[in-house]
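# Commentary on secondary and tertiary structure
Listed below, chain by chain, are the residues.
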Amino acid sequence: MAKRSRLVGFGGFLPERVVTNEELATRLATSDEWIRTRTGITQRHVAGPEDTATSMGTRAAQRALEYAGLSAQDIDVVLVATSTPDQAFPATAVRIQAALGMTHGFGFDIAAACSGFIFALATADSFIRSGQVRNALVIGSEVYSRIVDWEDRGTCVLFGDGAGAVVVSATDESDSHGILSTHLHSDGTTGDLLYVDGAVGQPEKSGHLKMSGRDVFRHAVAKLSSSVDEALNAEGLTYADVDWLVPHQANIRIIEGVAKKLSLPAERVVVTVDRHANTSAASIPLALDEAVRDGRIQKGELVLMEALGGGLTWGSVLVRL
Ligand code: COA
């Protein structure tokens with residue numbers, strides 16, 4: 001029988017250290033007021049010396065497994081969305097496999113910047129629908145504090161560190177719960193709007209995140225709006241059918257723009273950007289984890305997730321929890 005992917009476990013991890021806007025204002029020409037009014041951010045978590053994409057992703061994965069009532073032995077694939085891996089290779093996914101005690105199955109990383117979790121979830125869905133995989137761990141784990149230029153006030157104030165994970169399990173297509181549709185896009189001609197300047201292949205470069213903030217903002221509003229329409233049209237659904245928006249958490253003004261388009265009241269939008277800032281590929285699974293565990297999102301509700309990131313990459317996942 002044809003398969004569908006159901007989200008059955010949720011987990012998150014945030015590093016202990018919290019850096020407030022006020023603290024940043026003691027070392028940069030910025031202010032809490034500027035950051036809050038432009039972005040909605042009041043603080044961010046920043047990795048300690050021991051925290052890495054692998055260690056944080058492992059913690060989030062363990063919590064998601066516990067929620068699902070499954071063990072690592074039940075997992076067939078580990079997919080990790082990250083732009084800040086510990087090493088060029090082995091993949092963070094493989095390191096996390098080992099940390100979880102898995103020597104079976106397979107794992108690999110997905111590089112789609114802030115859209116990474118959407119891309120990884122869509123990949124897991126494809127494996128499950130094809131019958132190749134029964135249970136998948138999908139993780140977003142990022143340490144942007146190690147790629148931002150802490151002297152560039154235009155970018156460093158926007159990002160934070162953390163990890164989120166979901167367990168996705170195969171169910172029969174007749175099940176009304178699960179992923180209804182996924183839509184992915186990328187356009188490399190806009191690659192210079194948001195990028196990391198160099199990597200292991202170009203060690204002479206700065207290695208810092210660079211961004212044309214205004215252009216990214218403009219693309220985000222337009223592309224996420226069309227993404228939302230694409231996801232709903234594909235299923236013959238309307239804005240009124242959406243119970244929850246769980247967006248990538250880059251900027252409250254972008255989030256509110258999409259919510260307004262959907263005519264969704266603020267209490268139906270999961271927001272963490274105020275406390276987490278932009279944790280890139282980790283932001284959606286962290287937000288999902290929070291809203292499922294505190295009882296806001298209930299079983300059977302229709303959840304729309306969307307993201308845009310460097311690439312540019314963008315996309316959506318529509319799921320009935
Ligand atoms: N504190 C104080 N002033 C700052 C600042 C900061 N942290 N960062 C930038 N500024 C200054 C700029 O230097 C500029 O000053 P100038 O006019 O004297 O040159 C002024 O504020 C306006 O800068 P600008 O970049 O035009 O501001 P903006 O209104 O576009 O807001 C962003 C900047 C980054 C908040 C906004 O463009 C944005 O959110 N873009 C999307 C970014 C994003 O979400 N990226 C991730 C996508 S995954």
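Bear in mind that the values here come from a model prediction, so they are computed numbers and not experimental data.

## Details of the UniProt feature "active site" (unreviewed entry) in the protein
Within the UniProt annotation, "active site" (unreviewed entry) is assigned to Cys114, His248 and Asn278. Maximum C-alpha separation among the annotated residues is 8.5 Å over a sequence range of 165 residues, consistent with a single clustered spot. Summarising the element assignment, histidine 248 is placed in the loop between β11 (244-247) and α8 (252-262). When its relative accessible area of 7% is taken as the criterion, histidine 248 is described as buried. Ignoring anything within four residues of it in the chain, the contact list for histidine 248 reads Cys114, Ile255, Asn278, Ser280, Ser283, Ile284, Glu306, Ala307 and Leu308. Side chain to side chain, histidine 248 and serine 283 meet in a polar contact 2.7 Å long. Tracing the backbone shows asparagine 278 in the loop between α9 (273-276) and α10 (283-293). Setting aside chain neighbours within four positions, we find asparagine 278 in contact with Cys114, Leu158, Phe159, Gly160, His248, Gln249 and Ala250.

## Some remarks on the UniProt feature "domain: Beta-ketoacyl-[acyl-carrier-protein] synthase III N-terminal" (unreviewed entry) in the protein
Following the UniProt record, one finds the feature "domain: Beta-ketoacyl-[acyl-carrier-protein] synthase III N-terminal" (unreviewed entry) at residues 108-188. Split by type, residues 108-188 is 22% helix and 41% strand. Its first and last C-alpha atoms lie 22 Å apart.

## Quick notes on the site of the ligand
Near the ligand you find 22 residues, and of these Thr30, Arg153, Gly213, Arg214 and Asn251 are the closest. Take glycine 213: an N or O atom from its main chain is 3.0 Å from a nitrogen atom of the ligand. Taking asparagine 251, its side chain carries an N or O atom lying 2.6 Å from an oxygen atom of the ligand. Protein coverage of the free-state accessible area of the ligand, which is 960 Å², stands at 72%. Those elements giving two or more residues to the shell around the ligand turn out to be α2 (32-39), α6 (153-156) and α7 (213-234). In terms of residue count, α7 provides more of the shell around the ligand than any other element does, four residues in total. Each residue belonging to the shell around the ligand can be placed in one class, and the counts come to twelve nonpolar, seven polar and three charged. Here the shell around the ligand gathers at least three residues from each of two domains, domain 1 (3-172) and domain 2 (178-320).

Cut-offs applied
Residues numbered from 1 in each chain as written. Predicted model: local features only at pLDDT ≥ 70, side-chain atom pairs only at ≥ 80, totals over all residues. Heavy atoms only, no water. UniProt positions renumbered as here; feature names shortened; annotations may be inferred. Helix = DSSP H or I, 4+ residues; strand = E, 2+ residues; numbered from the N terminus. Buried < 20%, exposed > 50% of the residue type's maximum accessible area, 1.4 Å probe, protein only. Contact = heavy atoms within 4.5 Å. Polar contact = N/O pair within 3.5 Å; in protein donor to acceptor, adjacent residues only side chain to side chain. Near = heavy atom within 4 Å. Areas by Shrake-Rupley, 256 points an atom, 1.4 Å probe, with all protein chains shown as cover. Nonpolar A, V, L, I, M, F, W, Y, C, P; charged D, E, K, R; others polar. Domains from an automatic or database assignment.

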